[in-house]
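Coordinates in review
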Amino acid sequence: MALDQYREEDEEEEGMSFLDHLEQLRWHLLRSVAAVLIFTIAAFLAKSIVFGKVILGPSKVTFVTYQLLCKVSDYLNIPALCIDKLPFTIQSRQMTGQFSMHITSSLVVGLVVAFPYLFWEIWRFISPGLYSKERNAARGAVFFVSLLFFMGAAFGYFILSPLSINFLANYQLDPSILNEFDITSYVTTVVMLVLASALMFQLPVVIYFLSMSGLVSAATLKSYRRHSIVVILVVSAIITPPDVISQIIIAMPIMVLYETGIMIAKRLEKKRALEELKENQQ
């Protein structure tokens, strides 16, 4: 009965033809691409800031993370924590290397900055197909998805990237071998770490929607807790350099997010049970 009621409430939105949906999707995609292009062009023009300070930031000892580690090192009297040198140089070994990396880095910055708008456009296309009850349950989706995305990107940029770069810069098979990294390799590493962290931080949102649809439960998530730890460690090992410390650093917040997902699933189950109880009483 309840399902039929929600279908009746959304009859007007379901009256659109397949071609109408395609036309609507086309405009959502066009606006999304336009937003990314605008921020990409802005990033391309601001080369000295975006590339000189943001992209290349973790490659310099003046980076905020290294400075904070040195302050903590002085406070705790642990000299090993201070990163005051990065023994490597960045080179461009291809004629189009710097120009192509300028375009690539500008595109990534445009994509990251425009992400809230991109998701908002996607949500505007998807939400009319949901029932009223589902739309109400998913209120604030754009805000929370964007918040977790930027938290993950910040974690990847300020924590994971500098620690990984420091490890790779100081790793040597022999003192006679100099670390001279190509600009393509450097940018690819930073971008991969930042975007991977941003996506992995979406775990609570994924669990929320899976729980809301009834595909997973808090009990199921608890029973697979040990398996999830193994999967998280494996994924962390894939997206990070062969450094145990970096692997653990990215695995720890993901495990916390998994536990947060369990609590979210519990809350949804309690809410669903209360709603069913009220319906039965009526």
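Residues numbered from 1 in each chain as written. Predicted model: local features only at pLDDT ≥ 70, side-chain atom pairs only at ≥ 80, totals over all residues. Heavy atoms only, no water.

Let us look at the overall build of the chain. The number of helices and strands found in the chain is 14 helices and two strands. At a minimum sequence separation of 6, the contacts of the chain that also span at least 24 residues come to 80%. When the accessible area of the chain is evaluated, it comes to approximately 17500 Å², of which 68% is carbon and sulfur surface. (Helix = DSSP H or I, 4+ residues; strand = E, 2+ residues; numbered from the N terminus. Contact = heavy atoms within 4.5 Å. Areas by Shrake-Rupley, 256 points an atom, 1.4 Å probe, with all protein chains shown as cover.)

This brings us to the UniProt feature "transmembrane region" (unreviewed entry) in the chain. UniProt annotation of "transmembrane region" (unreviewed entry) refers to residues 33-56, 99-120, 141-163 and 183-211 when read in the numbering used here. Secondary structure over residues 141-163 splits into 100% helix and 0% strand, and the C-alpha atoms at its two ends are 32 Å apart. Along residues 183-211 the backbone is 93% helical and 0% strand, and the end-to-end C-alpha distance reaches 43 Å. (UniProt positions renumbered as here; feature names shortened; annotations may be inferred.)

Now for the state of the cysteines. Taken as a whole and assessed by the stated rule, the structure comprises one disulfide. One disulfide in the model links Cys70 with Cys82; its S-S distance is 2.1 Å. For the disulfide bridge between Cys70 and Cys82, the dihedral angle about the S-S bond is near 80 degrees, and by the sign convention the bridge is right-handed. Of this pair, Cys70 sits in helix α5 (residues 64-76) while Cys82 sits in the loop between α5 and β1 (89-91), and the two are 12 residues apart along the sequence. (Disulfide = S-S within 2.5 Å.)

This paragraph deals with the packing of aromatic side chains. Evaluated as defined, the whole model comprises 15 aromatic pairs. With 5.9 Å between their ring centres and 15 degrees between their planes, Phe63 and Phe158 make a pair best called stacked. Of this pair, Phe63 sits in the loop between α4 (47-55) and α5 while Phe158 sits in helix α9 (residues 141-170), placing them 95 residues apart in sequence. For Phe63, a relative accessible area of 7% corresponds to the buried category. Taking relative accessible area as the criterion, Phe158 reaches 35% and is therefore assigned partly exposed. (Phe/Tyr/Trp six-rings, centres within 6.5 Å; stacked < 30°, edge-to-face > 60°. Buried < 20%, exposed > 50% of the residue type's maximum accessible area, 1.4 Å probe, protein only.)

Most often, soluble globular proteins keep nonpolar side chains buried together rather than apart. Core analysis: the largest hydrophobic core is formed by 31 residues, its most contacted members being Phe51, Tyr66, Phe119, Ile165, Ile183, Tyr186 and Val187. The set of elements that each furnish at least two residues to this core consists of α4, α6 (97-113), α7 (115-126), α9 and α10 (183-200). In terms of residue count, the dominant contributor to this core is α9 (eight residues). If we ignore the near neighbours within four places in the chain, the residues touching Ile183 are Phe51, Leu56, Ile90, Gln91, Ser92, Gly97 and Met101. Of all hydrophobic cores here, the second largest spans 12 residues; its members include Leu193, Ala196, Ile232 and Ile250. (Core = buried A, V, L, I, M, F, W, Y, C linked by side-chain atoms within 4.5 Å.)

Below, the discussion takes up unusual backbone geometry. Positive phi, normally seen in glycine, also occurs at Asn77, with a value near 60 degrees. Along the chain, the position of Asn77 falls in the loop between α5 and β1.

A cluster of nonpolar side chains, namely Val72, Tyr75, Leu76, Ile78 and Leu81, defines an oily patch on the protein surface of about 490 Å² accessible area. On the secondary structure map, Val72 appears in helix α5. (Patch = residues over 30% accessible without salt bridge, like charges linked within 9 Å, V, L, I, M, F, W, Y side chains within 5 Å. Salt bridge = Lys/Arg side-chain N within 4 Å of Asp/Glu carboxyl O.)

With respect to the helices, strands and loops of the structure, Asn179 is situated in the loop between α9 and β2 (180-182). One polar contact links the side chain of Asn179 to the main-chain carbonyl oxygen of Ala169, over a distance of 2.7 Å. Polar contacts involving the side chain of Asn179 include one to the main-chain carbonyl oxygen of Tyr171, which spans 3.4 Å. Setting aside residues no more than four positions away along its own chain, Asn179 makes contact with Pro87, Phe88, Thr89, Leu168, Ala169, Asn170, Tyr171 and Gln172. (Polar contact = N/O pair within 3.5 Å; in protein donor to acceptor, adjacent residues only side chain to side chain.)

On to the environment of Asn166, then. Mapped onto the secondary structure, Asn166 falls in helix α9. The class for Asn166 is buried, based on a relative accessible area of 18%. As a C-alpha pair, Asn166 and Lys85 span 81 residues in sequence and 8.7 Å in three-dimensional space. Discounting chain neighbours no more than four positions away, the residues touching Asn166 are Tyr66, Ile83, Lys85 and Leu86.

The next thing to look at is helix α11 (residues 203-212). Of the residues making up α11, those classed as buried are Pro204, Val205, Ile207, Tyr208 and Ser211. Summarising the axial view, the buried residues of α11 lie within an arc of 165 degrees, below the 170-degree limit, and thus occupy one face. Backbone geometry just downstream of α11 places Gly214 in the positive-phi region, at approximately 85 degrees. (Arc of directions from axis to C-beta.)

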